[in-house]
Structure formats: C-alpha cells, structure tokens
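These are the residues of each chain, in order.
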Amino acid sequence: MTVLDDRPVVPVPTSSRQWAFVDRVTGKARIATCMPGCESDHSGDMRTPTFPEDIWCEVLAADVHMPVNTSGYAEDFRVLGVKLSMIPFSRVPAERVPHAVVEVVDDHWMDGLDPDGLATVISTLEQRVQTLRSTHARLVAIRAQHGYGPTA
Ligand SMILES: [Zn+2]
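All values derive from a computational prediction rather than experimental measurement. (Residues numbered from 1 in each chain as written. Predicted model: local features only at pLDDT ≥ 70, side-chain atom pairs only at ≥ 80, totals over all residues.)

A word on the overall build of the protein. From N to C terminus, the protein includes 2 helices and 8 strands. Shown N-terminal to C-terminal, the secondary structure of the protein runs as helices and strands in the order β-β-β-α-β-β-β-β-β-α. Intrachain contacts of the protein at a sequence separation of at least 6 include 37% that bridge at least 24 residues. (Helix = DSSP H or I, 4+ residues; strand = E, 2+ residues; numbered from the N terminus. Contact = placed C-beta atoms within 7 Å.)

In structure tokens:
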C-alpha cells in the first residue's frame, strides 16, 4: 500500500488565466477562462484554432494505491483518486463550473460532483471508515481470543 498525498492544502488563487483562440468548429474568436488554481498545461489549448470542449482545467491530488485482488493475486490499484475539474465549454452545464471528480478505483469515476455531491461521498466514506474501524476492533478481539497477536 502506498500513501503519497500528505501535501498541505494550498490557498486557491483568486486570479484565472485567460486566452483568446479561434473555435475550430465555428471559426469564431472565443475567450477561455481557466479555473482558479488550475494546474493544467494549456499550451496546447492556446494553439489556435482549437476544439473548445478539449479545454480541461484540473487540480490533481497525489495518488494512493492499494493492493486489490481481481485475478487471483493482489495488484496495486489507484483508489479514491480525487481532482477538481472544470471544462469551460462542456456540453454538460454542471461541468462548466468547478466540480470534483472521485475515482473509486482505477478508471472507475464518479463525475460532476457539486459541493453537495462531494459532501455525500465524504459522508458515505466516513461511515464506511467507521465500519472498517469496528471491523478492525472485532478482528483484533477475535484474534486475541484465539491466541493470535494483532499482526500475526
Ligand atoms: Zn485551466
């Protein structure tokens, strides 16, 4: 198991990058406004003309991997990945504003989470962590009753 994300929370910048480009579909000039704090390299997006829906803003968190058995042996899978995203010209209105995206396990994502949606995910996982804690306590007790140490 690898835990990599203990980066401090960084204040979100209040300014956003902007640039002009020609819409490859319509041929019209457009202005792209980046999400505050965006870490995406938009140098390719700034080339013009560009497909507007290809412009994606993201703030990534470091990955966590855990061993998961899907084929008879444990392999490291990325779990509970999370990023902030904004797709300024998305056809889906909810994606045009900053939103969270949670990856349950490698390449299985919950998209378009607004603050309430992300709060629901956090609450569900908190409850699940409580279940894991009580299961851990039961496991420790059962192992102790049967003469096994906590890590045996
Ligand atoms: Zn951006």
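In terms of nonpolar packing, the biggest core is built from 5 residues, these being Met35, Cys38, Cys57, Met86 and Ile87. When neighbours within four sequence positions are excluded, Cys38 is seen to be in contact with Cys57, Glu58 and Val59. (Core = buried A, V, L, I, M, F, W, Y, C linked by C-beta atoms within 7 Å. Buried ≥ 20, exposed ≤ 12 C-beta atoms within 10 Å, placed from the backbone.)

Below, the discussion takes up the pairing of strand β7 (residues 99-105). With 6 bridges joining them, strand β6 (residues 74-86) and β7 adopt antiparallel strand pairing. Along β7, the bridge assignment pairs Val82 with Val102. Between the antiparallel neighbours β7 and strand β8 (residues 108-113) lie 2 residues, among them Asp107 with a positive phi of about 65 degrees. (Pairing = 2+ DSSP bridges.)

Relative to the 45 Å expected for 31 residues at 1.5 Å per residue, helix α2 (residues 115-145) spans 45 Å between its end C-alpha atoms, a close match to the ideal helical length. The element α2 is barely covered by neighbouring structure, given that only 0 of its 31 residues are classed as buried. Two residues or fewer after α2 comes Gly147, characterised by a positive phi angle close to 80 degrees. (Expected span 1.5 Å × (residues − 1).)

Looking now at the pairing of β6. Alignment of strand β4 (residues 57-60) against β6, held across 4 bridges, turns out to be antiparallel. The partner of Val59 across the bridge, within β6, is Leu84. Looking at chain direction, strand β5 (residues 64-69) and β6 are connected through 5 bridges and run antiparallel. Pairing of His65 across the sheet is with Arg78, part of β6. The hairpin turn running from β5 into β6, its antiparallel successor, is 4 residues long, and Gly72 in that turn takes a positive phi close to 100 degrees.

Omega for the peptide link from Thr48 to Pro49 comes to 0 degrees, which places this bond in the cis form. Here Leu80, not a glycine, exhibits a phi torsion of approximately 50 degrees, which is positive. A residue is classified by how many C-beta atoms lie within 10 Å of it, and Leu80, with 15 of them, is partly exposed.

Attention shifts here to the confidence of the model for the protein. The predicted model of the protein has a mean per-residue pLDDT of 86, with 88% of residues at 70 or higher. Ranking the elements of the protein by mean pLDDT puts strand β1 (residues 2-3) last, at 50, and strand β3 (residues 29-33) first, at 95. (pLDDT = per-residue confidence, 0-100.)

Moving on, we get to the environment of Glu103. You can see Glu103 is positioned in strand β7. What makes Glu103 partly exposed here is the crowd of 18 C-beta atoms within 10 Å. Taking the C-alpha atoms as reference, Glu103 lies 5.2 Å from Leu80; in sequence the two are 23 residues apart.

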